[in-house]
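# Overview (structure and organization)
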Amino acid sequence: MNPSTDAALPAALAAPDAPDAPDAGDWLVDAALAPLAGGSLAPLYAGAAAGELTLPFCAACGLALELEQRACDGCGATDIRWRPVERAGTVHAVTLVHRREPGLVRVTEPYPVLDVELTSGHRLIMTTLTATGSAPAIGRPVTVGFRIVGGVAVPAAALSTSEPSELPDPSDPSEPSDAATPDSPRATGTAPAPVPSETEVSQ
Ligand SMILES: [Zn+2]
C-alpha cells in the first residue's frame, strides 16, 4: 500500500464546477485541439483575444453571415466585413455530447454543445464557459465569453446563474420534442470535435 494516502486529488479533477480555472488550461479539451487562429477565421480569433465577439456581415447589404460563408444569401455580394457584435443571445438548440477521449477531452462526463442565436442575427456553435454536465434549456439567455484553448480564445457561453428574472412561456408546458424523427438516418451521429460545426436545426 502507498503510505502517502493523504495526497489530494489533482487540481484539474477536484473541482469540475469551479467557476474559473485561472490558467490551468481549458476545462474541456487539451491544448492540442486549439484552433488555428490565422486561418479564414482570423478576424474572429483576433477579436476574441481582445475580448470581443467579431463576426462577418455582408459589406453590401449588412446581412449577418455564417462564419465560413463566401457569398451573401441576400444580395449575392462576396465582400465580407467583420465587426464586433453584442455578446448576447439565447440557446437555440443544444446537444449533450457523450465523448470519452482521454488525452484530448479532459472531462469524463457529458458536455453541452450549444447553438446560440445571437442578438446580431448570427448563430454560433459553442460550448459553455465552464464545465457543466447538463444541457441548458432552450431559450435560456447567455452571454458570450471566451475559453482559452492552447492560448487561443474561443467563444463560449456563460449561463446565467442568478435567479431567472423571467419565466419561459408557461402556456406551453409540454415536453420538448427532442426526438422528433427517431428514424432519421443521422440519429447516430457523433460529434467529431468538441465544438462540431453542424447541428440539426429543423426550424
Ligand atoms: Zn448582402
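See above for the structure.
The residue count restarts for each chain, going from 1 along the sequence in the order it is written. With the structure being a predicted model, the display of local features is reserved for residues of pLDDT at least 70 and the display and counting of side-chain atom pairs for 80 or more, all residues being used for whole-chain, interface and lining totals. Here the side-chain values reflect all heavy atoms present in the structure, with hydrogen atoms and water set aside.

## Observations concerning the pairing of strand β5 (residues 123-127)
Pairing analysis gives 5 bridges linking strand β4 (residues 111-118) to β5, with the strands arranged antiparallel. Its bridge partner being in β5, valine 116 is matched across the sheet by leucine 124. Strands qualify as paired when DSSP identifies two bridges or more between them. Elements are defined by DSSP. Helices are runs of H or I of four residues or more, strands are runs of E of two residues or more, and each kind is numbered from the N terminus. Counting the residues that bridge the hairpin from β4 to β5 gives 4 residues, and of these glycine 121 lies at a positive phi of roughly 100 degrees.

## Regarding the packing of aromatic side chains
Geometry of aromatic contacts follows a simple scheme: Phe, Tyr and Trp rings, the Trp one being its six-membered ring, pair when their centres are within 6.5 Å, and the pair is stacked under 30 degrees between planes, edge-to-face over 60, tilted otherwise. Scanning all chains against the criterion turns up 0 aromatic pairs. Over a ring means this: the NZ of a Lys or the CZ of an Arg is within 6 Å of the ring centre and within 35 degrees of the ring normal. Directly above the ring of phenylalanine 57 sits arginine 83, whose terminal nitrogen or CZ lies 3.8 Å from the centroid.

## Examining the environment of threonine 132
Within the fold, threonine 132 resides in the loop between β5 and β6 (141-149). Considered as a pair, threonine 132 and tyrosine 111 are 21 residues apart in the sequence and their alpha carbons are 6.3 Å apart. In this view, threonine 132 contacts Pro110, Tyr111 and Pro112; residues no more than four positions away in its chain are not counted. Residues adjacent in sequence count toward polar contacts only when both atoms are side-chain atoms; beyond that, a polar contact is any pair of N or O atoms within 3.5 Å, and within protein one must be able to donate a hydrogen and the other to accept it. Within the structure, threonine 132 has its side chain in polar contact with the backbone nitrogen of serine 134 (distance 3.4 Å). In this analysis, two residues are considered to be in contact whenever any of their non-hydrogen atoms come within 4.5 Å of each other.

## Brief notes about the sheet that holds β6
If you walk across this open sheet you meet the 5 strands as β5-β4-β3-β6-β7, and the pairing is antiparallel. If you trace the sheet from one side to the other, it starts and ends with β5 and β7 (152-159), each paired once. With direction set aside, neighbouring strand axes in the sheet form an average angle of 35 degrees. Sheet topology places strand β3 (residues 88-97) next to β6; 3 bridges connect them, and they run antiparallel. By the bridge assignment for β6, alanine 88 is matched with threonine 143. Fitting a line to C-alpha atoms yields each axis, with helices limited to the stretch in contact; the angle taken between N-to-C directions then spans 0 to 180 degrees. This element, helix α2 (residues 42-49), spans β6 and β7 of the sheet and lies at about 70 degrees to β7.

## Some thoughts on the coordination of the zinc ion
Within the protein, Cys58 (SG), Cys61 (SG), Cys72 (SG) and Cys75 (SG) serve as the donor atoms for the zinc ion, at 2.3 Å. In this description, a donor is an N, O or S atom within 2.8 Å of the metal centre, a cutoff extended to 3.2 Å for sodium, potassium and calcium. Water is not part of the atom list, which can make sites seem incomplete. Geometry is assigned from donor-metal-donor angles: four donors are tetrahedral when every angle falls between 85 and 135 degrees, four are square planar and six octahedral when opposite donors sit over 155 degrees apart with all other angles between 65 and 115, and any other arrangement is irregular. Taken together, the 4 donor atoms surrounding the zinc ion define angles of 100 to 118 degrees at the centre, an arrangement classified as tetrahedral. In primary sequence terms, the donor set of the zinc ion follows C-x2-C-x10-C-x2-C. Taken together, the residues span a long stretch of sequence, with cysteine 61 in the loop between β1 (53-58) and β2 (80-85) and cysteine 72 in the loop between β1 and β2 at a distance of 11 residues. Residue exposure (1.4 Å probe, protein chains only): buried if accessible area is under 20% of the type maximum, exposed if over 50%, otherwise partly exposed. Given a relative accessible area of 6%, cysteine 72 falls into the buried group.

Keep in mind these numbers describe shape, not what the thing actually does.
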